[in-house]
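What follows is the residue order along each chain.
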Amino acid sequence: MRAKSHTEVTEVHGRLSRRALLLGGTMLAFMTGLGFRMRHLQLDQADQYRLLAEENRINIRLIPPARGEIFDRNGIVLARNEPSYRVTLVPEDAGDVDAVIDKLATLVELDPNELDRAVTEMRRSPPFLPVTIADRVSWDELSRVAVNTPSLPGITPEVGLSRYYPLRGDLAHVLGYVGPVSDYDLSKIDNPDQLLRIPRFQIGKVGLEGRMEDDLRGVAGTKRVEVNAVGRIMRELDRREGEQGDDIQLTIDQSLQSYAQARLGEESAAAVVMDCETGDLLAVASAPTFDPNLFVEGISVADYGELTGDDHRPLAAKSVQGTYPPGSTFKMITALAALEEGIIGFDDTVYCPGHMEISNRRFHCWKRGGHGQMNLVQALRESCDVYFYDIALQVGIDKMSEVAARFGIGEKFDLPLSGVARGLNPSREWKNSVRGEDWVVGDTANASIGQGFVLASPLQLAVMTARLATGKAVPPRLVKSINGVEQPIAEAPPLDISPTHLAEVQRGMYAVSNHRRGTAYSKRIIADEYRMAGKTGTSQVRNITAAERARGVTRNEDLPWNRRDHGLFVNYAPFENPKIAVAVVVEHGSGSKAATPIGRDITLQALYGGTPPLSAYPTKDRNGIEKQQEELEKLVPGREITRRNRA
């Protein structure tokens, strides 16, 4: 083989050197780029990647805030937060869950229903999440568990906050209640607050608690916790406390509310007391009532069945949700409509023979023999039906409906309560559009005495009465302040009603309570400075046939309870300087005689700011009233607390 020449060898070395240089340059460029990239990642983007790494081992957990508390107008607590002792279990740490629960049962009495719920929750939750095994345990029980935790793997005694209603049933229908968040609750909310996903977190369900949930709930705090690869908490790193919910002060007077609730007793009834000037609702009572504390942690099937099975409907907030034919309490509206239209004068009379023929049908007066000649004041005083039939047929339903609207009938008031009813202020248009029927003259006659299609809640009747007393469009108000900030009192403009006409109707209402022939005279107030003006009412819940009238109308007392007439009474006092308006409805109370004494007693309690003197009552009533006051004193909770705080 021929040896390579020097020239050839030189050319080969040159080519190798160029290749080595090119390869070396490429490697150098790669290493330089890699170095710059590493510098960029380690220095320029260090914070970002450190955060990503920490997010793999650090979780942010929410801390439930303390719920805002609720107070009455005098600062008495109506709903507060109390320490709640509970025992939780982490299935992952427990190992043999059944064995741990059996051992726990020797220290704490476990509720079977609560235990079943806990087992269900364990099945659908990750094993590292705590589940409440026993709630609202006593301090002694919690202490026993704490001492024995070394032998109870996965068990932790905890202290939290839970809602408590110290007055129990007295404000149940106003406050409502809280309860654990349910899947149904979440389904009703778009983009729910993450707080609501905390197991057993309590939210307002009904009443003020439900309607003002956003104000009362507060803002969650946060804590950073270190977790392992499967998400179990290893330690807490830091925390930021949340903000307590807003405290709410109501216009309700706790002492008056408790008295009204006690005075309604076992009746199926409602009472509303309203400040005539400000519109403040001083009492909003419904009977019978219930203990809202039963619902806080979930009511038992037995307790709930007892409430729903009661024919007096204790769960219903009758004062704002219930609607009733207002009966004769509506007659002031009919009278004002006729006066405003110039249909009648103050001294014009209508003859009442005990009935009136309308479209070949006999419309009866409550007094079978009739009242004879009646003017406006007399007709209100003795509640003559025929008088109002007569003037209503002249004025017509359109004007009656217009005047009723000015006094709040058919208006849904904007209050933070559940199911506030609109009632029904009927008109020709309403009947045609809703029922597909024409309005007939008999409908007008029925409406004139608050029967037929007319429906009103006790709240609306109280508003109507306050407006009759003042001549102003007073709106009702329930919230006095939020976090100490006084809420504005809405302006009450004058009603578009002649003051002269209004004064004549007021004179008739005064005669109801203070004239010997007045329908409320026997239950009057005799203290001169507190004389009241009022109107009794009875609303039928059944039809009385011609045959029954011929043989004699069956007395209410002889009928089954649910077929008896409702009793109503509205009033304001003092007559010369109205301060409060009161409305009372007693379901199936056998007429106004059931509602009138309740309304009178609540009125006196409100005016005197406590138990009134016997001298305010008619002499013949005083012995009975004294005994009644003694019994009610025992039933009204917090009376001594109220007096002490006011002092």
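Figured I'd write up the structure that's included with this text. Every value quoted in this text rests on a predicted model; they were computed, and no experiment measured them.

With the rule as written, the count across this model stands at 33 salt bridges. Between Arg-67 and Glu-209 there is a salt bridge, and its shortest N-O distance comes to 3.0 Å. On the criterion of sequence distance, the pair formed by Arg-67 in the loop between strand E1 (58-63) and strand E2 (70-71) and Glu-209 in helix H9 (residues 207-211) is long-range, its members being 142 residues apart. There is no split in this pair, since Arg-67 and Glu-209 are both buried. Notably, a salt bridge pairs Asp-601 with Arg-263, separated by 2.8 Å at the nearest N-O pair. Of this pair, Asp-601 sits in helix H24 (residues 596-608) while Arg-263 sits in helix H11 (residues 254-264), and the two are 338 residues apart along the sequence. Note on Asp-601: relative accessible area 0%, which makes it buried. What makes Arg-263 buried here is its relative accessible area of 15%. Several salt bridges converge on common partners, so that one network encompasses Arg-67, Arg-163, Glu-209, Glu-213, Asp-214 and Arg-217.

Take the packing of aromatic side chains next. In the structure shown here, the tally under the stated rule is 12 aromatic pairs. On the basis of an interplanar angle of 50° and a centroid distance of 5.9 Å, the ring pair of Trp-439 and Phe-453 is categorised as tilted. Here Trp-439 is found in the loop between helix H19 (428-435) and helix H20 (441-448), whereas its partner Phe-453 is found in the loop between H20 and helix H21 (458-470), with 14 residues between them in sequence. Over the ring of Phe-363 we find Arg-361, and its NZ or CZ is 4.5 Å from the ring centre. Looking at Arg-524, its charged tip hangs above the ring of Tyr-521, at a distance of 4.0 Å from the centre.

Across 2 bridges, E2 lies against strand E3 (residues 77-89) in antiparallel orientation. Bridge pairing in E3 links Ile-70 to Ala-79. Sheet topology note: the E3/strand E5 (residues 155-164) ladder contains 10 bridges and is antiparallel. Bridge pairing in E5 places Tyr-85 opposite Val-159. Direction of pairing for E3 relative to strand E4 (residues 131-137): antiparallel, over a ladder of 4 bridges. When the bridges of E4 are listed, Thr-88 appears paired with Thr-132.

The next subject is unusual backbone geometry. Note that the residue after Ala-287, namely Pro-288, is joined by a cis bond; omega there is -5°. Mapped onto the fold, Pro-288 is located in the loop between strand E12 (281-287) and helix H12 (293-296). Residue Pro-574 follows Ala-573 across a cis peptide bond; omega there is -15°. Topologically, Pro-574 is positioned in the loop between strand E20 (566-573) and strand E21 (580-586). If you check the backbone angles, Ser-359 has positive phi at about 50° while not being a glycine. Here Ser-359 is to be found in the loop between strand E14 (355-358) and strand E15 (361-364).

Backbone-to-backbone hydrogen bonds join strands into a sheet, with any given pair of strands oriented parallel or antiparallel. Pairing in this open sheet of 5 strands is antiparallel, and the strands run E12-E11-E21-E20-E19 from one edge to the other. The outermost strands of the open sheet, each flanked by one partner alone, are E12 and strand E19 (533-539). Averaged over neighbouring strand pairs, the angle between their axes works out to 5° when direction is ignored. Here helix H22 (residues 499-514) sits on the sheet in contact with E19 and E20, set at roughly 75° to E19.

Take the packing of H11 against helix H25 (residues 622-635) next. The interhelical angle for the contact between H11 and H25, taken along N-to-C directions, is 120°, at an axis separation of 10 Å. Judged by the angle between their axes, H11 and H25 are oblique. Considering how the two elements wind past one another, H11 and H25 form a crossing that is right-handed. Taken together, the residues of H25 that come into contact with H11 (itself represented by Tyr-259, Ala-262 and Arg-263) are Gln-628, Leu-632 and Leu-635. Residues of the contact of H11 with H25, tallied by class, amount to 4 nonpolar, 1 polar and 1 charged.

Looking only at helix H4 (residues 97-104), the buried set comprises Val-97, Val-100, Ile-101 and Leu-104. Mapping the buried residues of H4 onto a view down its axis gives an arc of 100°, with all of them on the same face. Along H4, exposed side chains directed more than 90 degrees from the buried face belong to Asp-98 and Asp-102. The inward-facing, buried residues of H4 abut E3, helix H3 (91-94), helix H5 (112-124), E4, helix H6 (139-147) and E5.

Our next topic: the environment of Val-386. With respect to the helices, strands and loops of the structure, Val-386 is situated in helix H17 (residues 385-395). C-alpha of Val-386 to C-alpha of Glu-357: the two residues are 29 residues apart in sequence and 9.9 Å apart in space. Setting aside anything within four residues of it in sequence, one finds Val-386 in contact with Val-350, Tyr-351, Cys-352, Pro-353, Gly-354, His-355, Met-356 and Cys-365.

The next thing to look at is the pairing of E14. By the alternation rule, side chains of E14 split into Met-356 and Ile-358, which are all buried, and His-355 and Glu-357, of which none is buried. Taken together, the 4 bridges between E14 and E15 define a ladder with antiparallel strand orientation. Paired with Glu-357 across the bridge in E15 is Arg-362. In sequence, E14 turns back onto E15 through a hairpin of 2 residues, with Ser-359 there showing a positive phi of about 50°.

Parameters at a glance
Residues numbered from 1 in each chain as written. Predicted model: local features only at pLDDT ≥ 70, side-chain atom pairs only at ≥ 80, totals over all residues. Heavy atoms only, no water. Salt bridge = Lys/Arg side-chain N within 4 Å of Asp/Glu carboxyl O. Helix = DSSP H or I, 4+ residues; strand = E, 2+ residues; numbered from the N terminus. Buried < 20%, exposed > 50% of the residue type's maximum accessible area, 1.4 Å probe, protein only. Phe/Tyr/Trp six-rings, centres within 6.5 Å; stacked < 30°, edge-to-face > 60°. Lys NZ or Arg CZ within 6 Å of the ring centre and 35° of its normal. Pairing = 2+ DSSP bridges. Axes fitted to C-alpha atoms, helices over the stretch in contact; angles between N-to-C directions. Contact = heavy atoms within 4.5 Å. Parallel < 35°, antiparallel > 145°, perpendicular 65-115°, else oblique. Left-handed = near helix turned anticlockwise from the far one by under 90°. Nonpolar A, V, L, I, M, F, W, Y, C, P; charged D, E, K, R; others polar. Arc of directions from axis to C-beta.

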